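What the coordinates show
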Amino acid sequence: MAEAHQAVAFQFTITPEGIDLQLSHQALRQVYLSGLRSWKKRVTRLKNNVITGVYPASPSSWLFVVIAILATMYTRSDPSMGLIAKIQEHLPVSDSLSIQCRTVVSAVLFSTLLWLSLIFTMRLCLKQLLSYHGWMFEQHGKVSNTTKIWAAMVRIFSGRQPLLYSYQGSLPNLPVPAVKDTIKRYLESARLLMSDSEYERMTTLAKEFESSLGNRLQWYLKLKAMWASNYVSDWWEEYVYLRGRGPLMVNSNYYGMDFLYVTPTPIQAARAGNTLHACLLYRRKLNREEIKPSRVPVLNVPLCAAQCERIFNTTRIPGEETDSLIHWQDSEYVAVFHQGRYFRLWLYHAGRMLSPREIEQQIQRIMDDPSPPVPGEAKLAALTAGDRIPWAQARKEFFSSGVNKRSLDCIEKAAFFVALDDDEQGMRGDDPAGNLDRYAKSLLHGKCYDRWFDKSFTVVVYKNGKNGLNAEHSWADAPIMAHVWEYVMTTDSFQLGYTEEGHCKGDVASSLPPPTRLTWNIPAECQERIERSLAVAQALADDVDFHVLPIQEFGKGAIKKCKISPDAFIQIALQLAYYRNRGTFSLTYEASMTRLFREGRTETVRSCTSESCAFIRALEGGESKEVCWRLFSTASEKHQHLYRMAMTGGGIDRHLFCLYIVSKYLGEESPFLKEVLSETWRLSTSQTPLQQVELFDFVNHPEYTTCGGGFGPVADDGYGVSYIIIGENMINLHISCKHSCPQTDSHRFGADIKKALEDLLELMSPEKPDPSKAEQNHSKKSKKDL
């Protein structure tokens, strides 16, 4: 193959005269420049490790301490109170060192020890300060004197220019709640969903657990919390994600969308060029730790950045019992899928990153390649979409050696995966709403064989220039990937840009080697396995009912005028919509982050509360506006309290989950834990926060509106709802369920949510209109629908 010859640095032949050695200077130069780039990255990583390791101090502060100690000694005073002399006594005797030199060396050693002690003290103080969460429970807009003093102390003990991972050593560990408190909160959340007899039975089981097995299990958790950075995260990753044997597609993976109203260029290769280059720019900032640490907006409290380490160069490897996550330090290429073929696309040349225009040219070369896929290649990725055990067995049997292993290694070690789709997607044409729904489904599962669902993320670029991503869930949570995607979208449109013809800007190097086609030898038996996995995945994808609902009539601005938390407002609206949709209440999952703690991931907020149910019953029962307004305010305050408790380590479900894992390790059966862990979340919700507001300009460029992303339904008879609040005047909802359940319908539920939001906004508006009128209008609408 021509590509193989271009990669050879030298050739030799054996002749009667000896060995004829022919060096390729160009190839050797590429090897040298590539190695030089690699070493620069190592030096940068080493430098950042030093800076992060001494944070909140700086490396230059060491010199300041040394000079200060030496200057003090020059004045004939001993700041060490005799310690420098003690160090000098224990220095090895050497004729080459004078007494004065030995004194200086002793002073430098003492200064270094003093400097390290100061760092340790500052870090310990900062860790204790960050363990304070009283600020979160204060009334909005009112900051106590205690919190003001605390915030000032945090600023004092924090460095001026922290790197991405600077705060990692100063973040507190996730606390283990008391068993008694967790059980109390659980029973409170479960009461409204149980009959009297069911609740009495569960209370009895809970008390038996608390008085017997619970304390023993708790002891093991406290021991783990003392030893490990986080007592939840590693078990959560392993048992919730990696040990799952069902398909990742729909069940676990999630997606992110492009701009809602704008497609910067209709040229597929050009959009891919800018998107891939923007991804590389983000990775470079990530490697250099130039990305600012994420913070809670209120008081700039830092959040854990541990999940950022595995964004790129990461893949999930299938196993028969459990999967594993593999992360490589670096990768200079991406794997590209187009029309059933796989390619390796190098993103660096001569030690430099390819420009967007060069990447566009390489993508166009792939699209112009007329070669057909070999047998079994086109639908190979269906193995990653089906059940995990068949994929693990097929990987071991057919991809563990030879050409198949080399090609599979190429995909798995790539920086990320790229899918060039032949379809056109987006909010377009005569049916923009329907096309938006199809766009979401395409990103979630595609054709079930055109996404590599095991990669940390797959960038999807469509024929009309629209793009999006599909992300694997085990390595990190959605806000991490959303942060990347916000940067990529805005960099693509506002920084890189396009020419008037729609192509990427910049020049093209004439010496770029073409992308390499990956080769496969897939036997008939393996092709049968692929078809079986595809059948499983296709049945799952066909069952997904998806609806994307942009609400443009109002948004955060109108909600804030009601002096209500926007998240609490939307969550109560979801409860109202579900009650109208199904005629009952349901156990509700809302994801909350725990990244205030080291290696924190998520906690569950049980949004269906007795307070929200009381409000909904009053509203639907025609109670007066004053009564409904008061009950709604109480329900909102309760939701905010639960959300804050979850963020600060006082949640319910992660603690019970870890107690259950310990019970399994000990071989103990707990009826209480077994019932709790088997409960069904028929309403699973998540907010995708807009994290980098400064990158968007919704006033001057309202058309550049991000649409957020979504996920599949958690329960076969339930709904999955993801929402993102855009600026002051827009909310985007992503609603999923399954066609196979006759009680669920994503479009009907979307209409119910929109009506619920409108009714709550009308109720909470300053005029406070009578909510019974809203109920009458809803009843008329329902009768009309029937």
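Placed above this text is the structure.
Residues numbered from 1 in each chain as written. Predicted model: local features only at pLDDT ≥ 70, side-chain atom pairs only at ≥ 80, totals over all residues. Heavy atoms only, no water.

The next point concerns the overall build of the protein. Assigned secondary structure in the protein consists of 26 helices and 22 strands. The C-alpha radius of gyration of the protein comes to 30 Å, within 12% of the 28 Å expected for a compact globule of 786 residues. Across its three principal directions, the C-alpha atoms of the protein cover 95 × 80 × 60 Å. Taking as baseline every contact in the protein between residues at least 6 positions apart, the subset at least 24 positions apart corresponds to 78%. Once the 89 positive and 87 negative side-chain charges of the protein are each reduced to a mean point, those two points are 5 Å apart. (Helix = DSSP H or I, 4+ residues; strand = E, 2+ residues; numbered from the N terminus. Rg over C-alpha atoms; globule rule 2.2 N^0.38 Å. Contact = heavy atoms within 4.5 Å. Lys, Arg positive; Asp, Glu negative; His and termini not counted. Charge placed at Lys NZ, Arg CZ, Asp CG, Glu CD.)

Moving on, we get to a nonpolar patch on the surface. A contiguous nonpolar patch, built from I149, M153 and I156 and spanning about 290 Å² of accessible area, is present on the exposed surface. For M153, the location among the structural elements is in helix α6 (residues 145-157). (Patch = residues over 30% accessible without salt bridge, like charges linked within 9 Å, V, L, I, M, F, W, Y side chains within 5 Å. Areas by Shrake-Rupley, 256 points an atom, 1.4 Å probe, with all protein chains shown as cover. Salt bridge = Lys/Arg side-chain N within 4 Å of Asp/Glu carboxyl O.)

What follows covers the packing of helix α8 (residues 196-211) against helix α9 (residues 213-227). Running from N to C, α8 and α9 point in directions that differ by 55°, and their axes come no closer than 3 Å. By the angle between their axes, α8 is oblique relative to α9. From α8, E208, F209, E210 and S211 reach across to α9, where they touch L213, G214, N215 and L217. Counted by class, the contact of α8 with α9 contains three nonpolar, three polar and two charged residues. (Axes fitted to C-alpha atoms, helices over the stretch in contact; angles between N-to-C directions. Parallel < 35°, antiparallel > 145°, perpendicular 65-115°, else oblique. Nonpolar A, V, L, I, M, F, W, Y, C, P; charged D, E, K, R; others polar.)

The strand order across the open sheet formed by eight strands is β15-β9-β8-β12-β13-β14-β3-β20, and the pairing between neighbours is mixed. In this open sheet, the two strands that pair with only one neighbour each are β15 (516-517) and β20 (709-711). Where strand β3 (residues 254-257) lies against strand β14 (residues 467-471), four bridges are found, and the strand directions are antiparallel. The partner of Y255 across the bridge, within β14, is N470. The strands touched by helix α11 (residues 268-287) are β8 (333-338), β9 (341-346), β12 (417-420), β13 (457-461) and β14; relative to β13, the strand with the most contacts, the crossing angle is about 150°. (Pairing = 2+ DSSP bridges.)

Among the nonpolar cores identified, the biggest contains 57 residues, and L276, I311, V334 and F416 are the most heavily contacted of them. Where this core is concerned, the elements lending two or more residues are α11, β8, β9, α12 (356-368), β12, β13, β14 and α17 (478-496). A total of nine residues in this core trace back to one element, the largest contributor, which is α11. In this structure I311 touches Y282, L286, S456, F457, W475, I480 and V484, once residues within four positions along its chain are discounted. (Core = buried A, V, L, I, M, F, W, Y, C linked by side-chain atoms within 4.5 Å. Buried < 20%, exposed > 50% of the residue type's maximum accessible area, 1.4 Å probe, protein only.)

Bringing the packing of aromatic side chains into the picture now. Counted according to the given criterion, the structure contains 33 aromatic pairs. Look at F399 and W520: their rings are 6.2 Å apart centre to centre, the planes differ by 75°, and that puts the pair in the edge-to-face class. Placement of F399 in the loop between α14 (388-398) and α15 (402-412) and of W520 in the loop between β15 and α18 (524-542) is noted, with a sequence separation of 121 residues between them. Judged by its relative accessible area of 3%, F399 falls in the buried class. A ring pair is formed by Y719 and F749, whose centres lie 4.0 Å apart and whose planes are at 15°; its orientation type is stacked. With Y719 in strand β21 (residues 719-726) and F749 in helix α25 (residues 746-764), the pair connects residues that are 30 residues apart, well separated along the chain. For the residue pair Y719 and F749, the accessibility class agrees, reading buried in each case. An aromatic cluster is defined as three or more aromatic residues linked by ring pairs; in this entry it consists of F337, Y342, W391, F399, F417, W452 and W520. Over the aromatic face of W235 sits the side chain of K224, whose NZ or CZ is 3.5 Å from the ring centroid. Cation over ring: R654 sits above W236, and NZ or CZ is 3.7 Å from the ring centre. (Phe/Tyr/Trp six-rings, centres within 6.5 Å; stacked < 30°, edge-to-face > 60°. Lys NZ or Arg CZ within 6 Å of the ring centre and 35° of its normal.)

Moving on, we come to the pairing of strand β19 (residues 683-687). Among the five residues in β19, four count as buried, and that is most of the element. Direction of pairing for β19 relative to β21: parallel, over a ladder of five bridges. For T685, the partnering residue across the bridge sits in β21 and is V721.

Once that is clear, we can look at the side chain of N581. Here N581 lies in helix α20 (residues 566-582). Since its relative accessible area comes to 9%, N581 is described here as buried. There is a polar contact of 3.0 Å between the side chain of N581 and the side chain of D752. Those residues within four positions of N581 in sequence are excluded, and the remaining contacts are Y719, Q743, R748, F749 and D752. (Polar contact = N/O pair within 3.5 Å; in protein donor to acceptor, adjacent residues only side chain to side chain.)

What is shown is where atoms sit, not what they do.
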